[in-house]
Amino acid sequence: MNAILFPYRRVGVLLIGALTVHASSTYAEIADFDDLALPAESFWHGPAAGASDEPDPFGGPLPVKVGAFASGGVDFGNEHNLNYASWSGFAYSNVTNNTTPGFGNQYSAFAGSGNGAGDDTYGVAFGYNGIANPQSAAQVADLPYFELPNHGILQSAYVTNTTYAALAMRDGDTFSKQFGGTSGEDPDWFKLTAYGTDALGALLPAAVEFYLADYRFDDDTIVDTWTLVDLSSLAAAKRVYFNLSSSDSGEDGMNTPGFFAIDDIQFVLAPEPGSWLLLVLGMIGMVARFRRTR
C-alpha cells in the first residue's frame, strides 16, 4: 500500500513546493531614465511620440500634445503646448548645472547629476494644484503622473530638488521669498505628496509626504542630494500622481517653483495572476495519470 500511495505524496510535495516558489516569485525592476538617449547637458520636454491633440486651454491656434514616454517599463505623462513650447508632467534631463538660478535652468537637479555613479539621466516633473486633501481621482487627474506596467508593485524612488526651486527658496527671487525670511525664523516648507489610483481608476486612501525643504524646526533643510522615499504604501497603485505645496503661497497659488526631480523608481513585477492555476491543473493531471496507471 505504501508503494501505491508514494506517487501521490510526491506529487503533493511538488505541488506545495511549486506554489510556494510561485508565490514568492517577484522580479525587481527599476526605471532609471538611463535608457533614454540624450546629448550631454541637454533635456527632453516633449512632445511624446504618438501624443494626441487637445485644444489649447489658452486659446492658441495649435494643439496641446498629450502623451507619455517610457523608461524601464514605466510610462510618464507629458503635455507639450506647441503655442508656447511649454510643458507639464514629466520631462527628462542630464543637465548638471546646479549653480545658475532662474527659470532658464529649470531642468537641472540640485544634486548635480542623476542618482548613483554613472547614472546621468533623471526625470524632472512640473505641475501642481491647490487641492490639499483630494477625495477623488478627478482631483489628481491634472497632476504629473507615472503609470506602472501590469502587475507592477511600487516600492520606492529617489527624489531631490531642482536647482531652480532650491535656489529660489535659499536666496529668494522676483516671485519667491527667501525661506526663513529676513530673520531666518519663518517656518517655511516645500512638500511633495504622492497619491495613487488603482487599476479601476479609484483614488487610494494612502498618501506619501516628503519635505523637499523644511524650516519649521531648528535644522533648516533644503534637500540637495538624492533621497530615498518609501512608496510601498502605494503598492496597490497603477498610476502615481505627484503634487507640490509650499508655505510660500498667495491668492494666485504657489510662489515656489513647482518642480522636483526623480530617479531610480523601484518596483517589482508579480507573476501573472492566472499562471498559478495552470500550474495546479498540470499537477492535478499528473495525479490523474498516476491513478490510471496504478
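Provided above is the structure to which this section pertains.
Residues numbered from 1 in each chain as written. Predicted model: local features only at pLDDT ≥ 70, side-chain atom pairs only at ≥ 80, totals over all residues. Heavy atoms only, no water.

(A) Representation of helix α2 (residues 163–171) within the structure. Where burial is concerned, most of α2 is hidden: seven out of the nine residues are buried. Of all the positions in α2, only Thr-163, Tyr-164, Ala-165, Ala-166, Leu-167, Ala-168 and Met-169 are classed as buried. Against the buried residues of α2 lie β10 (189–197), β11 (203–214), β12 (221–222) and β17 (259–269). Following α2 by one or two positions, Gly-172 adopts a phi angle in the positive range, close to 75°. (Buried < 20%, exposed > 50% of the residue type's maximum accessible area, 1.4 Å probe, protein only. Helix = DSSP H or I, 4+ residues; strand = E, 2+ residues; numbered from the N terminus. Contact = heavy atoms within 4.5 Å.)

(B) Unusual backbone geometry, seen in detail. The linkage connecting Gly-46 with the following residue, Pro-47, adopts the cis geometry, with an omega of 0°. Although it is not a glycine, His-151 adopts a positive phi angle of roughly 70°. Looking at the element boundaries, His-151 is found in the loop between β8 (145–147) and β9 (152–160). For His-151, a relative accessible area of 28% corresponds to the partly exposed category. A positive phi angle, near 50°, is found at Asp-264, a position not held by glycine. With respect to the helices and strands, the residue Asp-264 is situated in strand β17.

(C) Quick look at the packing of aromatic side chains. Counted according to the given criterion, the structure contains 23 aromatic pairs. Ring centres 5.3 Å apart and planes at 15° place the aromatic pair Phe-69 and Phe-76 in the stacked group. Its relative accessible area of 0% is what places Phe-76 among the buried residues. The rings of Phe-33, Trp-44, Phe-69, Phe-76, Phe-90, Tyr-92, Phe-146, Phe-242 and Phe-260 are connected pair by pair, giving a single aromatic cluster. One Lys or Arg, Arg-216, reaches over the ring of Tyr-211 and ends 4.1 Å from the middle of that ring. We note Arg-239 situated over the ring of Tyr-145; from NZ or CZ to the ring centre the distance is 4.0 Å. (Phe/Tyr/Trp six-rings, centres within 6.5 Å; stacked < 30°, edge-to-face > 60°. Lys NZ or Arg CZ within 6 Å of the ring centre and 35° of its normal.)

(D) Inspection of a negative patch on the surface at higher detail. There is a patch of like negative charges on the surface, built from Glu-185, Asp-218, Asp-219 and Asp-220. Here Glu-185 shows up in the loop between α2 and β10. You can call Glu-185 exposed: its relative accessible area is 62%. (Patch = residues over 30% accessible without salt bridge, like charges linked within 9 Å, V, L, I, M, F, W, Y side chains within 5 Å. Areas by Shrake-Rupley, 256 points an atom, 1.4 Å probe, with all protein chains shown as cover. Salt bridge = Lys/Arg side-chain N within 4 Å of Asp/Glu carboxyl O. Lys, Arg positive; Asp, Glu negative; His and termini not counted. Charge placed at Lys NZ, Arg CZ, Asp CG, Glu CD.)

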